[in-house]
Amino acid sequence: MKLLLVDDETDFLNTLLKRMQRRNVDVQGVGSGESALEWLNTHETDVVILDVRMPGMDGIETLCEIKKQFPLTEVIMLTGHASMEVAIEGMEKGAFDYLMKPMDMDELLYKAEDAFKKKKIHEGKIRQMADQLR
């Protein structure tokens, strides 16, 4: 599973990266929605863990672009503000799930694994359909 963390809070991002790397997760991090889209254009990524509130391109805008350009990439939204409206909006726009900051590391990894499994199931169905068309 290849993960991309997107958060403008540098200390939080670096801490999360270190904690995931200690668990042998293949993870990278960027600090903005724009940087996430640039990364996704050049690196295969299975799951994006995306902060909702960021300057410039916010999490919802970034989510919409990810789902438009990379529809199989799963996205987990992170919100540090107890805003259920934003979490629900993210789910309506295609997010796999959401978590409130601060979140439990094991819960985050569990959701990421579930998102990765969903992506693999979709890829398998697409391959199966392609094989049937041949």
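Since the model is a prediction, treat every value here as computed from it, not as a measurement.

About the cut-offs
Residues numbered from 1 in each chain as written. Predicted model: local features only at pLDDT ≥ 70, side-chain atom pairs only at ≥ 80, totals over all residues. Heavy atoms only, no water. pLDDT = per-residue confidence, 0-100. Helix = DSSP H or I, 4+ residues; strand = E, 2+ residues; numbered from the N terminus. Buried < 20%, exposed > 50% of the residue type's maximum accessible area, 1.4 Å probe, protein only. Pairing = 2+ DSSP bridges. Axes fitted to C-alpha atoms, helices over the stretch in contact; angles between N-to-C directions. Contact = heavy atoms within 4.5 Å. Salt bridge = Lys/Arg side-chain N within 4 Å of Asp/Glu carboxyl O.

1. A look at the confidence of the model for the chain
Next up, step 1: The predicted model of the chain averages 93 in pLDDT, with 98% of residues at 70 or higher.
Next up, step 2: Mean pLDDT in the chain bottoms out at helix 4 (residues 84-92), which sits at 84, and peaks at strand 2 (residues 26-30), which reaches 98.

2. Describing the pairing of strand 3 (residues 47-51)
Next up, step 1: Most of strand 3 sits out of view: five of its five residues are buried.
Next up, step 2: Burial along strand 3 is two-sided: Val 47, Ile 49 and Asp 51 facing one way and Val 48 and Leu 50 facing the other are all buried.
Next up, step 3: Pairing of strand 1 (residues 2-6) with strand 3, which is carried by four bridges, proceeds in the parallel orientation. If you follow Leu 3 over to strand 3, its bridge partner there is Val 47.

3. Points about the sheet that holds strand 2
Next up, step 1: Overall, parallel pairing links the five strands, which are arranged 2-1-3-4-5 in an open sheet. Two strands close off the open sheet at either side, each with one partner strand: strand 2 and strand 5 (97-100). The mean inter-strand angle of the sheet, taken between neighbouring strand axes irrespective of direction, is 20°.
Next up, step 2: Bridge analysis of strand 3 against strand 4 (residues 74-79) gives five bridges, and the strand direction is parallel. When the bridges of strand 4 are listed, Leu 50 appears paired with Met 77.
Next up, step 3: Across the sheet, helix 5 (residues 105-133) is in contact with strand 1, strand 3, strand 4 and strand 5; its angle to strand 4 comes to roughly 155°.

4. Here we look at the pattern of salt bridges
Next up, step 1: In the structure shown here, the tally under the stated rule is 12 salt bridges.
Next up, step 2: The residue Asp 46 makes a salt bridge to Lys 119 at a minimum N-O spacing of 2.8 Å. With Asp 46 in the loop between helix 2 (33-42) and strand 3 and Lys 119 in helix 5, this residue pair connects regions lying 73 residues apart in the sequence.
Next up, step 3: On the basis of relative accessibility, which here comes to 4%, the residue Lys 119 falls in the buried class.
Next up, step 4: In this structure, the salt-bridge partner of Glu 65 is Lys 68, at a minimum N-O distance of 3.0 Å. Here Glu 65 pairs with Lys 68, and both are found in helix 3 (residues 59-69), just three residues apart, close to one helical turn.
Next up, step 5: Given the relative accessible area of 61%, Lys 68 is considered exposed.

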